[in-house]
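# Geometric and topological summary
The residues making up each chain are set out below.
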Amino acid sequence: MYGVVSQQGGERDQYRSQPSCSTDPQDGDRRPKREEKPIYQKIFRYFKKQLTVEPDDETDEFNFHISRYRPEELHKLASRTKFTRKEIQLMYRGFKQECPTGMVDEDSFKHIFSQFFPLGDATNYAHYVFNTMKQKQTGKISFDDFINILSKVSRGSVQEKLQWVFGLYDLDGDGNISKTEMVDVVSSIYQMLGRATRPLVDDTSAKEHVEKIFHLIDTNKDGVVTIEELVEWCSRDENILKSLETLDTVL
């Protein structure tokens, strides 16, 4: 349902693991097959790469200026998230390099997200993810917003991860996931992965995929999926639970 990250060519070297060859049963070709890193690790590495200075020792507060917006003190963010003070410090320094104002608008977020999926178009999926993070008042994402969501998705409980996934698919925020909403999000995942999908998908693949699983999740057959139905369905599938635990799903 979530769209598991598949093999992607063209990744930067720092995102790659050691390749191992496997034979494609279709054509007999041997292709390098890499273990894909979870998206949150790529985000961490991406922001870390933006650093132009070495990080200072841990301090109680962020010791650098940011115009217009200043995040919470470092020790407060560490107490509210599942990241260490050093991890937060590194990510913020990279975040500041990428977003000097301390706030990310949707266009900037789409640009950052597209760096991880060079073989496809991440525009629509990044839009959906952005909507799960943005502030209603400003329509932007602060570092506090970003780090809080990333903490829940990457290191939170299964319930926290499923709550976020549900919010991602509940596009109109009415507390239910319709079949149309699920098709829209799954389509955006296929668009994002692009040529990285195996086998390759076409315009009907998302709809066919949703048709196969929607009725399995919608246990009372009322045409929508609730958070309770999603949790129940996922709890019955060991592969999905393992995927949530190891963070092999797309953010």
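The present account deals with the structure reproduced in this document.

## Brief notes about the environment of P118
As for its position among the elements, P118 is in the loop between α4 (106-114) and α5 (123-133). Considered as a pair, P118 and L193 are 75 residues apart in the sequence and their alpha carbons are 8.3 Å apart.

## A word on the environment of I112
With respect to the helices and strands, I112 occurs in helix α4. For I112, a relative accessible area of 7% translates into the label buried.

## Focus on the side chain of E229
Within the secondary structure, E229 sits in helix α10 (residues 227-235). A polar side-chain atom of E229 sits 3.3 Å from the main-chain amide nitrogen of T219. Setting aside chain neighbours within four positions, we find E229 in contact with I217, D218, T219, N220 and V224.

## Here we look at helix α6 (residues 143-155)
With 13 residues, α6 should reach 18 Å at 1.5 Å per residue; the first-to-last C-alpha distance of 17 Å fits that figure. Within α6, 11 of the 13 residues are buried, leaving the element largely enclosed by the surrounding structure. Among the residues of α6, F143, D144, D145, F146, I147, N148, I149, L150, S151, V153 and S154 are the ones counted as buried.

## Describing the packing of aromatic side chains
How two aromatic rings sit relative to each other is set out by the distance from centre to centre and by the angle between their planes. All chains considered together, the criterion is met by nine aromatic pairs. Note on F113 and F117: the rings are 5.8 Å apart at their centroids and 25° apart in plane angle, and the pair reads as stacked. The class of F113 is buried, set by a relative accessible area of 2%. By relative accessible area, which is 1% here, F117 ends up buried. For the pair F113 and Y125, a centre-to-centre distance of 6.0 Å together with 50° between the ring planes defines the contact as tilted. With F113 in helix α4 and Y125 in helix α5, this residue pair connects regions lying 12 residues apart in the sequence.

## Quick look at the pattern of salt bridges
Scanning the model with the defined rule gives five salt bridges in all. For K110, the salt bridge goes to E106, with nearest N and O atoms at 3.2 Å. Separated by four residues within a single helix, K110 and E106 lie in helix α4, roughly one turn from each other. Looking at K110, the relative accessible area reads 21%, which means it is partly exposed. Measuring nitrogen to oxygen at the nearest pair gives 3.4 Å for the salt bridge that ties E232 to R236.

Here is what the cut-offs are and how they apply
- Residues numbered from 1 in each chain as written.
- Predicted model: local features only at pLDDT ≥ 70, side-chain atom pairs only at ≥ 80, totals over all residues.
- Heavy atoms only, no water.
- Helix = DSSP H or I, 4+ residues; strand = E, 2+ residues; numbered from the N terminus.
- Buried < 20%, exposed > 50% of the residue type's maximum accessible area, 1.4 Å probe, protein only.
- Polar contact = N/O pair within 3.5 Å; in protein donor to acceptor, adjacent residues only side chain to side chain.
- Contact = heavy atoms within 4.5 Å.
- Expected span 1.5 Å × (residues − 1).
- Phe/Tyr/Trp six-rings, centres within 6.5 Å; stacked < 30°, edge-to-face > 60°.
- Salt bridge = Lys/Arg side-chain N within 4 Å of Asp/Glu carboxyl O.

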